[in-house]
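As a plain string of letters, each chain reads:
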Amino acid sequence: MLVTSKEMVYHARAGKYAIGCFNTSDLEITKAIIAAAEAQKAPVIISTSPKAIEYAGHEVLAGIIKEEATKSKVPVALHLDHGLTLALVEDCLKLGYTSIMFDGSGSDLEHNEILTRQAVEMAHAKKVPCEGELGFLGKAGQNPSKLTNPDDVIGFVQKTGVDFLAVSIGSEHGHGENEALDIKLLKKINSQTGIPLVLHGASGVPDKDIKEAIKLGIAKVNIDTDIRHTFVRGLRDFLDKNPKEKDPREILTKVMNEIQKYVEGRIKLFGSNNRV
Ligand code: G3H
Ligand code: ZN
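Quick notes on the rules
Residues numbered from 1 in each chain as written. Chains lettered and ligands numbered in written order. Predicted model: local features only at pLDDT ≥ 70, side-chain atom pairs only at ≥ 80, totals over all residues. Heavy atoms only, no water. Helix = DSSP H or I, 4+ residues; strand = E, 2+ residues; numbered from the N terminus. Rg over C-alpha atoms; globule rule 2.2 N^0.38 Å. Buried < 20%, exposed > 50% of the residue type's maximum accessible area, 1.4 Å probe, protein only. Contact = heavy atoms within 4.5 Å. Donors = N, O, S within 2.8 Å, 3.2 Å for Na, K, Ca; no water. Salt bridge = Lys/Arg side-chain N within 4 Å of Asp/Glu carboxyl O. Expected span 1.5 Å × (residues − 1). Core = buried A, V, L, I, M, F, W, Y, C linked by side-chain atoms within 4.5 Å. Arc of directions from axis to C-beta. Pairing = 2+ DSSP bridges. Right-handed = clockwise from strand over helix to strand, strands pointing away.

Chemist: Could you clarify how one ought to interpret the overall build of the protein chain in this entry?
Modeler: Across its full length, the protein chain carries 11 helices and 8 strands. In terms of overall dimensions, the protein chain is globule-like: its C-alpha atoms have a radius of gyration of 18 Å, near the 19 Å expected for 276 residues. A burial count over the protein chain gives 55% of its 276 residues as buried. Of the contacts formed within the protein chain by residues at least 6 apart in sequence, a portion of 72% connects residues at least 24 apart.

Here is the structure:
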């Protein structure tokens with residue numbers, strides 16, 4: 001069923017496990033994520049970045065996810081990932097998104113707070129939760145991250161009214177080389193607020209760090225790059241072994257199986273299996 005992300009993420013925060021927030025840009029990845037969540041009896045968040053929305057077309061992508069979520073046996077939330085403008089937040093809410101992230105981390109703190117507050121008000125008017133980002137998450141090998149300042153946490157949470165807080169604690173977007181988390185920093189941040197914290201850029205973060213972070217308030221873990229890599233690896237492997245196969249449905253079914261296996265593994269690591 002299609003639900004908002006609030007209850008599942010707060011339940012995870014209280015139970016010291018995390019909800020997987022997996023990015024999609026097409027039918028195949030969406031189906032594979034939902035199949036994995038059903039097999040593991042896990043609530044799940046399906047996430048669409050602005051790039052995915054641009055690739056697939058907003059109505060089409062939202063339509064696929066809403067349809068698959070509604071048919072699903074497990075709770076599924078449809079999430080806007082890194083919404084950079086209030087106009088995009090408004091469009092997503094109109095299209096029936098059940099979870100929003102406004103990303104004002106490119107602005108200075110004051111503007112981040114002002115814009116995030118507006119996004120939160122728009123989302124809450126539709127009873128949809130809203131995530132904000134404090135600090136800045138860089139891209140592996142390209143631009144550096146700016147770690148979250150724990151002294152800014154209480155003010156940001158109170159001024160914006162965010163439901164979940166994305167923090168920058170050492171991970172980067174993309175699959176980087178040395179993505180160890182700053183667990184001491186996370187401890188400090190977690191001592192400042194009781195709201196669920198969000199780990200972005202989880203592709204490339206060691207499993208042991210993810211587990212440790214979940215004990216310290218991380219209740220939503222975002223994965224994108226490793227899903228796309230699993231897709232391409234699955235496609236290559238299958239075509240290498242079956243060069244004569246000409247039916248894309250046969251090929252993509254095998255790719256979907258690989259993505260499902262990967263997502264099931266992440267769900268088990270996050271501890272959100274057997275929660276439905
Ligand atoms: O918002 C999406 C995530 O932060 C994904 O990061 O591509 O490193 O897995 P990733
Ligand atoms: Zn992210």
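Structure shown, so let's carry the discussion forward.
Chemist: Help me out: how do you make sense of the coordination of the zinc ion (ligand 2) in this one?
Modeler: Octahedral six-donor coordination of a metal ideally yields angles of 90 or 180 degrees, compared with 109.5 degrees for tetrahedral four-donor coordination. Looking at the zinc ion (ligand 2), the protein donor atoms are His 82 (NE2), His 173 (NE2) and His 200 (ND1), and they sit 2.0 to 2.1 Å from it. The sequence pattern formed by the donor residues of the zinc ion (ligand 2) is H-x90-H-x26-H. On the criterion of sequence distance, the pair formed by His 173 in the loop between strand E6 (164-167) and helix H8 (183-192) and His 200 in the loop between strand E7 (197-199) and helix H9 (207-215) is long-range, its members being 27 residues apart.

Chemist: Where do I start with the pattern of salt bridges in this structure?
Modeler: Two side chains bearing opposite charge may form a pair once their charged atoms approach each other closely. Throughout the structure, instances matching the rule amount to 13 salt bridges. Put simply, Asp 247 and Arg 249 hold a salt bridge, and the shortest N to O gap is 3.1 Å. Classification of Arg 249 by relative accessible area gives exposed; the value is 64%. Each member of the salt-bridge network shares a partner with another, and the members are Lys 31, Glu 68 and Lys 71.

Chemist: Just to check I follow, could you spell out helix H10 (residues 225-241) for this structure?
Modeler: Each α-helix winds once per 3.6 residues, and so residues spaced three or four apart point in a common direction. Taking 1.5 Å per residue as the helical rise, H10 with its 17 residues ought to reach 24 Å, and the 24 Å between its terminal C-alpha atoms agrees with that figure. Turning to H10, its buried residues are Thr 225, Asp 226, Ile 227, Thr 230, Phe 231, Gly 234 and Phe 238.

Chemist: Just to check I follow, could you spell out the nonpolar core for this structure?
Modeler: A general feature of soluble globular proteins is that nonpolar side chains tend to end up buried together. Ranked by internal contacts, the top residues of the largest apolar core, which has 70 residues, are Phe 22, Tyr 97, Ile 100, Leu 165, Ile 218, Val 263 and Phe 270. When residues in this core are grouped by element, the largest group, 8 residues, is from helix H11 (residues 248-270). Apart from residues lying up to four places away in sequence, Leu 165 is in contact with Gly 132, Leu 134, Val 153, Phe 156, Val 157, Ile 195, Pro 196, Leu 197 and Val 198. Among the nonpolar cores identified, the runner-up in size contains 13 residues, and Ala 12, Tyr 17, Ala 166 and Ala 219 belong to it.

Chemist: I keep staring at helix H7 (residues 153-160) and nothing clicks. Help me out?
Modeler: Turning to H7, its buried residues number three or more, namely Val 153, Phe 156, Val 157 and Thr 160. Projected down its long axis, H7 shows its buried positions confined to an angular sector of 95°, all on one face. Of the exposed residues in H7, those oriented more than 90 degrees away from the buried face are Gln 158 and Lys 159. At the exit of H7 stands Gly 161, carrying a positive phi of roughly 75°.

Chemist: Help me out: how do you make sense of the pairing of E6 in this one?
Modeler: A two-sided burial pattern is seen for E6, the buried positions comprising Phe 164 and Ala 166 on one face and Leu 165 and Val 167 on the other. Direction of pairing for strand E5 (residues 130-134) relative to E6: parallel, over a ladder of 4 bridges. Bridge assignment links Leu 134 to a residue of E6, and that residue is Val 167. Handedness of the E5-H7-E6 crossover: right-handed. Chirality of the crossover, the property in question, places the unit of E6, H8 and E7 among those that are right-handed.

Geometry only, nothing functional implied.
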